[in-house]
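# Inside the fold
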Amino acid sequence: MSKKVAVLMADYVEEIEYTSPKEAIEAKGYEVEVISPDGKEVNGKNGDTFQADKSVSDANPEDYAAILVPGGFSPDVLRGNPDNAKFAGHFLENKKPTFSICHGPQFLVDTDKLRGYDLTSVANVKKDLENAGAIYHDESVVVSDNLITSRTPDDLDDFNKAIQEALNE
């Protein structure tokens, strides 16, 4: 089993929704690789920048044990390319740990694989998730099989704990 976790993100990512889970993942001995649509630097919503390790077209989802999709406006940017959804869909389809917070689950709608999952997100994408067949819960973190979702940065402690528990399995 690979000890790498892919972080799929694009410009306008909410920085703390990447950096805080990244620390939790690395604390479990996993390597984190940033995957961006074009393999270039990712500009955060609040001015931070992050160097991508690979582009989506150069990344093989088989090489990763799990995926993290942080929020901000990045999920909306990711929705513009079906290759991004295909990459993320691999993790849901193969029951690999899939971590997503805030607006991140809205991007996962494009995988067409959310039907039947219990999940949470920032409240303003609830209807999108329900329309995709997911069951929405207003809770700090929801674990549904291999999918772990959370609402906002206020819930990062619970989200990170659930991520670490999933990486123990």
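A brief look at the structure comes next. (Residues numbered from 1 in each chain as written. Predicted model: local features only at pLDDT ≥ 70, side-chain atom pairs only at ≥ 80, totals over all residues. Heavy atoms only, no water.)

### Examining the packing of helix 1 (residues 16-27) against helix 6 (residues 156-168)
Running from N to C, helix 1 and helix 6 point in directions that differ by 35°, and their axes come no closer than 9 Å. Of the two possible hands of crossing, helix 1 and helix 6 adopt the one that is right-handed. In contact with I16, S20, P21, A24, I25 and A27 of helix 1, helix 6 contributes L156, F159, N160, I163, Q164 and L167. Here the residues of the contact of helix 1 with helix 6 are counted per class, giving 9 nonpolar, 3 polar and no charged. (Axes fitted to C-alpha atoms, helices over the stretch in contact; angles between N-to-C directions. Helix = DSSP H or I, 4+ residues; strand = E, 2+ residues; numbered from the N terminus. Left-handed = near helix turned anticlockwise from the far one by under 90°. Contact = heavy atoms within 4.5 Å. Nonpolar A, V, L, I, M, F, W, Y, C, P; charged D, E, K, R; others polar.)

### Structural notes on the packing of aromatic side chains
Where two aromatic rings form a pair, the distance of their centres and the angle of their planes describe that pair. Considering all chains together, one arrives at 3 aromatic pairs under this definition. When the centroid spacing of 4.9 Å and the interplanar angle of 75° are considered together, the rings of Y18 and F50 count as edge-to-face. With Y18 in helix 1 and F50 in strand 4 (residues 49-50), this residue pair connects regions lying 32 residues apart in the sequence. Judged by its relative accessible area of 6%, Y18 is buried. Judged by relative accessible area, which is 13%, F50 ranks as buried. Seen from the ring of Y30, K3 lies directly overhead, with NZ or CZ sitting 4.2 Å from the centre. Taking NZ or CZ as reference, K4 lies 5.2 Å from the ring centre of Y64, over its face. (Phe/Tyr/Trp six-rings, centres within 6.5 Å; stacked < 30°, edge-to-face > 60°. Buried < 20%, exposed > 50% of the residue type's maximum accessible area, 1.4 Å probe, protein only. Lys NZ or Arg CZ within 6 Å of the ring centre and 35° of its normal.)

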